Amino acid sequence: MIFAEALAVLEERQETKIVLGLGRVRAHLAVLGDPHLAVPAIHVAGTNGKGSTCAILSSVLTAAGYSTGLFISPHLLTVRERISVDGREISEAEFSRYMARALAADRKKSLTYFELLTSIAFQHFAGRNCAVMVLETGLGGRLDATNVVPSPLAAIVTSIDYDHQAYLGDTLKSIAREKTGIFKAGRPAVRPDLAVLRRAPLRGNPVVVAKPWKIVRTDWARGHQLLRAPSGKSYALSLLGERQGWNAALAEAALDASGLVVSHDAWKRGLAKVSWRGRFEAIKIGEKTLIVDGGHNPEAARALAATWKQSPFFKKPARWIMGIMKDKDTAGVLAPLAPFIKEAVLVRPPSPRALEPVDLAEFVRRAAPKAQVTIERDPATAIAAWKNDKRSPKVAVCTGSLYLAGAALKVVG
């Protein structure tokens, strides 16, 4: 099988088709010799912050000398981003080889898009003899394909808010119940000190993180911020965003509880090198700056708004290039951002789930009635028009969907 054929198989399985449950994946992995049992895991769920937390864990563990597998979702530029070892994406040849094995063990074609990728990830990490793997849930936790891992070194829930209610329930309590389903009896269960999680039924040995690391200083030009841990030690983190103090604190608690040995020097080197694109990523384009942020639900939009207010871009005119999925809480996403939107260009993210820009325009006009609203045919056209027009604002913010973030990054490189 060549890489193009592997991608074609994925497309046939339709990324938007979601069938939660563990039975198919367990049976499939058993045919493959249970590769998910070969490597100890740190498991991460949450409404937001889980990707950044996974990236921090992976970078720090690699710096500490552990061969570390990382499985994330979704991807921004290429599906191979989802599966990496020590910061290196799985190769096309390896991806294709493990896809062929997965398909041979899926004669009835019962696995979903995400489940096939989960199988490839487990095979790859076992084949590379990884010392540890960091797993991000795809949706929820309790019935997510990654939850076949029976006894993780530690499990983390980063946050709880409304998202994917059709699958996780329409109350914070039900969402918390689904996400904390990754906690396992007798294993460290790491979570922030949130009221909704205090009320959730928890298995495992609770490790409660009460405070985030403090953001001491932010270097907006270089995309770094200086964080101070409760120990008093300071670290340079190569990620922007108000929420990163929480993500670092949760990662630290999980590593402390896991029994893995990570030195202060490994923390410093790992945090300085961590990469996680499309999360308040400020990209210089000549004299202009494009900020790409995948904020796709109300909690993520609130985090974007908080970071925006603290940034040097806050007082400058900005064009907001926006696109949202039709199954999202559009009004909830727009509410925290509306006070800043004076000029909005609406586009359709590259996904069959995308909300049509004409429909998004109605939401924007209600949320920000004084904003100038226009529609462009696609993200590339919108970004090119902003970049090439000398009269346009020096700053643009591209947000509302991870699919839109990926499209923007493809345009600017």
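Everything in this summary refers to the structure shown in the same document. (Residues numbered from 1 in each chain as written. Predicted model: local features only at pLDDT ≥ 70, side-chain atom pairs only at ≥ 80, totals over all residues. Heavy atoms only, no water.)

### A few points about the nonpolar core
Among the nonpolar cores identified, the biggest contains 38 residues, and Ile42, Ile56, Trp213, Leu255 and Trp267 are the most heavily contacted of them. Counting only elements with at least two residues in this core, the list comes to β1 (41–45), α3 (50–63), β5 (132–136), β6 (154–157), β11 (234–237), α9 (244–258) and α10 (264–273). Apart from residues no more than four positions distant in its own chain, Ile56 is found in contact with Leu237, Leu239, Gln244, Asn247, Ala248, Ala251, Trp267, Leu271 and Val274. In this structure, Phe3, Leu32, Tyr98 and Leu103 belong to the second largest nonpolar core, which totals 36 residues. (Core = buried A, V, L, I, M, F, W, Y, C linked by side-chain atoms within 4.5 Å. Buried < 20%, exposed > 50% of the residue type's maximum accessible area, 1.4 Å probe, protein only. Helix = DSSP H or I, 4+ residues; strand = E, 2+ residues; numbered from the N terminus. Contact = heavy atoms within 4.5 Å.)

### A few points about the sheet that holds β11
Read from one edge to the other, the open sheet built from three strands follows the order β9-β10-β11, with strand pairing classed as antiparallel. Edge positions in the sheet fall to β9 (214–219) and β11, since each of these pairs with one other strand and no more. When strand polarity is set aside, the average angle formed by the axes of neighbouring strands in this sheet is 20°. As judged from the four bridges shared by strand β10 (residues 224–228) and β11, these two strands associate in the antiparallel manner. (Pairing = 2+ DSSP bridges. Axes fitted to C-alpha atoms, helices over the stretch in contact; angles between N-to-C directions.)

### Here we look at the pairing of β9
In terms of strand pairing, β9 meets β10 through five bridges, oriented antiparallel. Bridging from a neighbouring strand, Thr218 pairs with Gln225 of β10. What sits between β9 and β10 in their antiparallel hairpin is a turn of four residues, with Gly223 showing a positive phi close to 75°.

### Re the packing of helix α1 (residues 3–13) against helix α4 (residues 92–104)
Look at α1 against α4: their axes get within 8 Å of each other, and the N-to-C directions meet at 50°. Relative to α4, the element α1 lies oblique. Both α1 and α4 take part in a crossing whose hand is left-handed. Across the interface between the two elements, Phe3, Ala6, Val9, Leu10 and Arg13 of α1 pack against Glu92, Phe95, Ser96, Met99 and Leu103 of α4. Of the residues contributing to the contact of α1 with α4, the split by class is seven nonpolar, one polar and two charged. (Parallel < 35°, antiparallel > 145°, perpendicular 65-115°, else oblique. Left-handed = near helix turned anticlockwise from the far one by under 90°. Nonpolar A, V, L, I, M, F, W, Y, C, P; charged D, E, K, R; others polar.)

### Quick word on helix α13 (residues 357–367)
Within α13, burial applies to Pro357, Leu360, Ala361 and Val364. Burial along α13 is one-sided: seen end-on, the buried residues are contained in an arc of 110°. Seen from the open side of α13, the exposed residues pointing more than 90 degrees away from its buried face are Val358 and Arg366. The elements touched by buried residues of α13 are β14 (318–322), α12 (330–334), β15 (343–346) and β16 (372–375). (Arc of directions from axis to C-beta.)

### Considering the environment of Gly259
Note on placement: Gly259 falls in the loop between α9 and α10. As for Gly259 and Ala154, which are separated by 105 residues in sequence, their C-alpha atoms are 9.3 Å apart.

### Quick look at the sheet that holds strand β8 (residues 205–209)
Judged by pairing direction, the sheet is mixed, and its eight strands sit side by side in the order β4-β3-β2-β5-β1-β6-β7-β8 without closing on themselves. Edge positions in the open sheet fall to β4 (88–89) and β8, since each of these has one partner strand only. Contacts between helix α5 (residues 113–127) and the sheet are confined to β2 (68–71), β3 (83–85) and β5, with β3 contributing the most and set at about 15° to the helix. Taken strand by strand, α9 contacts β1, β6, β7 (188–192) and β8, and its axis lies near 165° from that of β7.

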